[in-house]
Amino acid sequence: MKFQIEDVTVYFPYDHIYPEQYSYMIELKRALDAKGHCLLEMPTGTGKTIALLSLITSYSLSKPQSPIKLIYCTRTVHEMEKTLAELKLLHNYQIKHLGPQARILAIGLSSRKNLCVNPTVLAAENRDSVDAGCRKLTASWVRAMAAENPNVPTCQFFENYEKAASAAVLPPGVYTLQDLRAFGKEKGWCPYFLARHMVQFANVVVYSYQYLLDPKVAGIISKEMQKESVVVFDEAHNIDNVCIEALSVSVRRQTLEGATRNLNRISQEIDRFKATDASRLRSEYNRLVEGLALRGNLPITDTWLSNPALPDDILKEAVPGNIRRAEHFLHVLRRLVQYLRGRLETDNVEKESPVGFVASISSHAGIDQKTLKFCYDRLHSLMLTLEITDTDEFLHIQTICDFATLIGTYARGFSIIIEPFDERMPHIPDPVLQLSCHDASLAIKPVFDRFQSVVITSGTLSPIDLYPRLLNFHPVVSRSFTMSLTRDCICPMVLTRGSDQLPVSTKFDMRSDPGVVRNYGKLLLEMVSVVPDGIVCFFVSYSYMDGIINTWNDSGILKEIMQHKLVFIETQDVVETTLALDNYRRACDCGRGAVFFSVARGKVAEGIDFDRHYGRLVIMFGVPFQYTLSKILLARLEYLRDTFQIKEGDFLTFDALRQAAQCVGRVIRSKADYGMMIFADKRYSRHDKRSKLPSWILSHLRDANLNLSTDMALHIAREFLRKMAQPYDKTGGSDRKTLLSQEDLEKMGDGSVHEMLY
Amino acid sequence: MNNGGARRMNGGGEEDDDEDYVNGDLDAWERTYTDERSWESLQEDESGLLRPIDNKALYHSQYRRRLRSLSSTATAARIQKGLIRYLYLVIDLSRAASETDFRPSRIVVIAKHVEAFIREFFDQNPLSQVGLLTIKDGVAQCLTDLGGSPESHIKALMNKLECSGDSSLQNALDLVDGYLNQIPSYGHREVLILYSALSTCDPGDIMETIQKCKKSKIRCSVIGLAAEMFICKHLCQETGGTYSVALDESHFKELILEHAPPPPAIAEFATANLIKMGFPQRAAEGSISICSCHKEAKVGAGYTCPRCKARVCELPTECCICGLTLVSSPHLARSYHHLFPIAPFDEVPPFSLNDPNHKLQRNCFGCQQSLLNPGNKPGLLVVCPKCKGYFCLDCDIYIHESLHNCPGCDSFRHSKADKE
């Protein structure tokens, strides 16, 4: 269908549109008009992605004089593929209506592991070794050698791509990663480098968060994006954590040992070069004296990860004299590693600011701040000079240099924490030195500054006013949309008491109370007998889950549960969890029924959908607060309080509730679906906790369901499931329109839409 | 209800004070009533007395929706229907069937309505046969073989109503598949499963069994008593059956009775066939003979097979000696209306009654009652699309569900015939 939003003709590939999609588009359009940033919350399952794509592409089609580029960031490769598939559908529709002028180029970009088509390189198991395998075949010196000696292996796909030179372009169209690989295979061109090249020309680019937020990656991939771009962060409820991780480094014992090995290897290489080709080292030295930029004039295959600091903070200066010579630089690194090893040998938890740490390095190891700052660039240059291709072996020393550069560059917003052991397991020494970033706004600031509009959207962004403060920006639009439903297909409940009327909670002083554990067990036991197919349970942490399952096992509750449904458990092992999930799905499919025990903040809670019969009920046992004694969290809380005036309690509750909402949101993936959500903790009935849930859950949380005991919840569940099993009318009754056709949209002007929606 | 009291009791804790009066100054107990809006189900009559709202109109609209959905599939393309049905009724007697959310217990309710269903089924499908199966302790058992006598099925069922153990859909389907495979090709194979449990413990891969049923053209329908299960839905979708879940006892009754009229035949299976049938004569009153079905001498009231002259007690049945299908002509006639149902009547919008141009019938053509509601307000009424006779809602239901003839059309046809 096609309709008008103010001056933009929107092409929408389906015959009907949900009212919330329509208002989402209106808000989005306003933000684009204002060339500002926006923050939009809309529940999953309402077609956020297609609404975004169709509005932004239509917007750019209707204003051909100033075309805008869309940069769409997703969290996972799977989401990337889904987005591109939707875009393909939309693109075909637009071509059908507008003809060839609607042609756009849209590509997905991912790591070599997902795009490489060279079978020998692909054989490597992880991302870093694929990268290294590629470099071994395509680095400029390898190719130079191959030109002289045909026995040196090269990548034929890359050679073909180079030969085609400027002729190597993608014809317009929408390319998923799979399409790119197929195209590459057919033409014999390397899809990865082709995609990297085409990113500059594409109208739509879909890639992962890191390509924009992590300065190491963004520096080489996203440097040349135009300012007239719209950046979309989808599923962005955890964007602050991504930003923080991008600037945090942790150093363990293994890192230091690996770094020492790397340094030995480098020193061997240097000796070898000195013996055979001393002029190379000399020319590098000369280049450094002249202060030549390292990047910019390198061939595309030689670029490594770029500087971990943000582009604005990198000094455009020559490398200081004391590390210009390779041997001197090695000595500096050795001293640094030695110093860090000394710091790790501690029995107490230590917390320091970067300034203090740098001062201490300078007094103990004799390395000043400026030298630290240049560590990364200097290492990069050295590796190039030494023609090292197996970069995956050198990750350890690279981590050390990242660390050095970051502490050399930043004085605020970071802290260094050394912990001799994990607090939960004090007997096992596992010293770790962490440089942790506290300020999410640092990493995202260049994105806000560079691009015209940044859209942050997710199903759970409540409370929506906290994100602008955390990320330090001013949105022109921030709105939260609710879901228009044909029937009340979600049933949230707050369970505060067990059948014996004793309160249940995972509060620290109550969580090990046998009464609470038993009540939780009874709750699950009752629920498995009335809920069909799949049930998902989320616990606050792995240790709590282990404890409670053990107790249930001892008291026989687990056995009784198994009479009704099979039980599967998420573990920290990815393979094991995948297997468990797979079997869980099979048990749901064949009617045996299953329960999945999982952990909030775990992999399952973030990325796995339990839609339809895979999740008819989700129980959130407790409030998933972060581990509040963690030193890093405490440091971050302190920083947030001092810098952004966000109260500790507010932030913790916000963070816990967004995780809880994320967990329970797993069960509803579309409007035709239905599911129940039980928040099993008495603290959820308090206003300050509950009000931080997203509005689409709150609007269905009736007052009568706020303070339930197990037996009452059971009754409600029975009723609800029976009601939902009845056939229903998909378009909604006449009074509650939940699907709008083109005529509906034309009939009502903007005014009436607003009346209807709000 | 529970909200208010419980909250007061529990709200004493130091931190649990409810600072959240969302609905302003309403008290907790008032709020629950605000949610339920129980006063809306009452209305005041002429004399100012309160009485529950007349839900006849509501009931009728439900009925009409059902009728429309039936007729849209049936009459539009004159769909072939399976009149000779072989139906296995599978009753789940697992642990879940003893639950008491239906009063007094699920199994009692099931038994009660199965009895009614079996009678209704034979009433509507005199040429068909039913068998009973139970699932108990994970095993499926055959209670009665296919047969045409309602009494024997009902008696067999009433003796076996204990529930225990798990339920297994696959075992039941396997057993049914084994029995129904032997049925002659003109018969329509159906299973109706009354499923109380919420899971199924199967020995093998149930998906294969479902495919097997699909291949044997068995139409599987399920009525759930608790909640929607994926595997049941999948089974029904694959085999062309219907899946429904009962809300309460009356809804369960409605659902099970929906299975009494014959379903449309599966397309690729609906080949026309000639079937040999015998129309036995009723034996003379007072004559004594040995009946072939009970092997005992009986006086009078029996039928004689036209081919082998054996004596049987009741119709319809198969002759135990020569295997001929024995029916009487009213049985055939009763099955006939499924093929040629009367068109659903059109609803008349109330305002057209006030239209002075419109000739107004004041009384229902069927029962001759006034069509106006008390207080001379026009009520809902329907009109036959062929003879344009007006009917009240009760007559509408009666004509479509029991009479299967439109009195208007029939009397007009007769009067026309008289004139000629």
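These numbers come from a predicted model, not from an experiment. (Residues numbered from 1 in each chain as written. Chains lettered and ligands numbered in written order. Predicted model: local features only at pLDDT ≥ 70, side-chain atom pairs only at ≥ 80, totals over all residues. Heavy atoms only, no water.)

S.K.: Sorry if this is basic, but what is going on with the overall build of chain A here?
M.R.: A count of helical and extended segments in chain A gives 33 helices and 21 strands. Radius of gyration (C-alpha) of chain A: 28 Å, near the 27 Å computed for a compact globule of 758 residues. The principal-axis extent of the C-alpha atoms belonging to chain A is close to 85 × 70 × 50 Å. Within the span of chain A, comprising 758 residues, buried residues form 59% of the whole. (Helix = DSSP H or I, 4+ residues; strand = E, 2+ residues; numbered from the N terminus. Rg over C-alpha atoms; globule rule 2.2 N^0.38 Å. Buried < 20%, exposed > 50% of the residue type's maximum accessible area, 1.4 Å probe, protein only.)

S.K.: Where do I start with the nonpolar core in this structure?
M.R.: As a rule of thumb, soluble globular proteins bury nonpolar side chains together. Residues Phe-3, Ile-107, Tyr-207, Phe-233, Ile-239 and Ile-456 of chain A are the most contacted members of the largest nonpolar core, which totals 171 residues. Those residues within four positions of Ile-239 of chain A in sequence are excluded, and the remaining contacts are Tyr-209, Leu-213, Phe-233, Ile-444, Ile-456 and Leu-471 of chain A. Counting residues in hydrophobic clusters, the runner-up holds 123 residues, among them Val-494 and Phe-679 of chain A together with Ala-140 and Val-222 of chain B. (Core = buried A, V, L, I, M, F, W, Y, C linked by side-chain atoms within 4.5 Å. Contact = heavy atoms within 4.5 Å.)

S.K.: For this particular structure, what's the right way to read the UniProt feature "domain: VWFA" (unreviewed entry) in chain B?
M.R.: Using the residue numbers shown here, the UniProt feature "domain: VWFA" (unreviewed entry) corresponds to residues 86-225 of chain B. Between the C-alpha atoms that bound residues 86-225 of chain B the distance is 24 Å, and the span itself is 36% helix and 28% strand. (UniProt positions renumbered as here; feature names shortened; annotations may be inferred.)

S.K.: Even after reading the chapter, I still don't get unusual backbone geometry, so can you show me in this structure?
M.R.: Trans is the common state for peptide bonds, and a negative phi is the common state for residues other than glycine. With omega at -10°, the peptide bond leading from Ser-462 of chain A into Pro-463 of chain A counts as cis. Looking at the secondary structure, you find Pro-463 of chain A in the loop between β13 (453-458) and α21 (466-471). Between Arg-103 of chain B and the following residue, Pro-104 of chain B, the backbone shows a cis peptide bond with an omega angle of -10°. Along the chain, the position of Pro-104 of chain B falls in the loop between β3 (85-92) and α4 (106-124). Notably, Gln-501 of chain A is not glycine yet its phi reads approximately 70°, a positive angle. The topology assignment puts Gln-501 of chain A in the loop between β15 (490-497) and α22 (514-530).

S.K.: Can you help me understand the packing of helix α14 (residues 253-276) of chain A against helix α16 (residues 326-344) of chain A in this one?
M.R.: Helix-helix packing is described using two parameters, namely the angle between the two axes and the distance between the axes. Residues and elements named next belong to chain A. Put simply, α14 and α16 touch, their axes get as near as 10 Å, and they point 165° apart. As the angle between them shows, α14 and α16 are arranged roughly antiparallel. Along this stretch, α14 crosses α16, giving a crossing that reads as left-handed. Contacts between α14 and α16 involve Arg-253, Leu-256, Glu-257, Ala-259, Thr-260, Leu-263, Asn-264, Ile-266, Ser-267, Ile-270 and Lys-274 from the former and Ala-326, Glu-327, Leu-330, Leu-333, Arg-334, Val-337, Leu-340, Arg-341 and Leu-344 from the latter. Along the lines of polarity and charge, the residues of the contact of α14 with α16 split into 11 nonpolar, three polar and six charged. (Axes fitted to C-alpha atoms, helices over the stretch in contact; angles between N-to-C directions. Parallel < 35°, antiparallel > 145°, perpendicular 65-115°, else oblique. Left-handed = near helix turned anticlockwise from the far one by under 90°. Nonpolar A, V, L, I, M, F, W, Y, C, P; charged D, E, K, R; others polar.)

S.K.: What is the right way to read the interface of chain B and chain A from this model?
M.R.: The figure often quoted for interface size is the accessible area lost as the parts come together. Contact residues are listed per partner, giving 37 residues for chain B and 35 residues for chain A. Summing both partners gives a buried area of about 3,000 Å² for chain B against chain A, and 46% of it is carried by carbon and sulfur. One can count four salt bridges joining chain B with chain A. Arg-718 of chain A serves as the salt-bridge partner of Glu-99 of chain B, at 3.1 Å between the closest nitrogen and oxygen. Connecting chain B to chain A are nine residue pairs in polar contact (both at pLDDT 80 or more). Those elements giving two or more residues to the side of chain B that touches chain A turn out to be α1 (2-10), α2 (28-36), α7 (206-215) and α8 (230-239) of chain B. By residue number, the principal contributor to the side of chain B that touches chain A is α1 of chain B, which donates five residues. Of the residues assigned to the side of chain B that touches chain A, the class counts are 16 nonpolar, seven polar and 14 charged. (Buried area = accessible area lost by both parts, 1.4 Å probe. Salt bridge = Lys/Arg side-chain N within 4 Å of Asp/Glu carboxyl O. Polar contact = N/O pair within 3.5 Å; in protein donor to acceptor, adjacent residues only side chain to side chain.)

S.K.: Mind showing me how you'd approach the sheet that holds strand β13 (residues 303-304) of chain B here?
M.R.: Within a sheet, adjacent strands bond to each other through the backbone by hydrogen bonds, running parallel or antiparallel. Residue and element names in this part refer to chain B. As summarised here, the arrangement of the three strands in space is β10-β13-β14, forming an open sheet in which the pairing is antiparallel. If you trace the sheet from one side to the other, it starts and ends with β10 (281-282) and β14 (311-312), each paired once. Where β13 meets β14, two bridges bridge the pair, whose relative direction is antiparallel. Looking across to β14, one finds that Tyr-303 is bridged to Val-312. (Pairing = 2+ DSSP bridges.)

S.K.: When you look at the confidence of the model for chain A in this model, what are you seeing that I'm missing?
M.R.: Overall, the prediction assigns chain A a mean pLDDT of 86, with 94% of residues at 70 or greater. Throughout residues 750-758 of chain A the model reports pLDDT below 50, and contacts reaching past four residues in sequence, or to other chains, amount to 12 contacts. (pLDDT = per-residue confidence, 0-100.)

S.K.: Sorry, what's going on with the packing of aromatic side chains here?
M.R.: Each pair of aromatic rings is reported with the distance of its centres and the angle of its planes. Residues and elements named next belong to chain A. Per the stated rule, a full pass over the model turns up 35 aromatic pairs over all chains. With a centroid separation of 6.4 Å and an interplanar angle of 85°, the aromatic rings of Tyr-639 and Phe-644 are classed as edge-to-face. Judged by its relative accessible area of 12%, Phe-644 is buried. Members of the aromatic cluster, each reached through a chain of ring pairs, are Tyr-520, Phe-539, Tyr-544, Trp-552, Phe-597 and Phe-621. (Phe/Tyr/Trp six-rings, centres within 6.5 Å; stacked < 30°, edge-to-face > 60°.)

S.K.: What is the right way to look at the UniProt feature "domain: Helicase ATP-binding" (unreviewed entry) in chain A in this model?
M.R.: In the numbering used here, UniProt assigns the "domain: Helicase ATP-binding" (unreviewed entry) feature to residues 7-285 of chain A. For residues 7-285 of chain A, the helix share is 57%, the strand share is 13%, and the end-to-end C-alpha distance is 59 Å.

S.K.: I would appreciate a short explanation of the confidence of the model for chain B in the present structure.
M.R.: Parts of the model with low pLDDT should not have their predicted coordinates read in detail. All names here are of chain B. Taken as a whole, chain B shows an average pLDDT of 77; of its residues, 73% reach a score of 70 or greater. Note that residues 1-23 has pLDDT below 50 and, in this model, 37 contacts with residues that lie over four places away or in other chains. Across the assembled chains, the prediction reports ipTM 0.82 with pTM 0.81.

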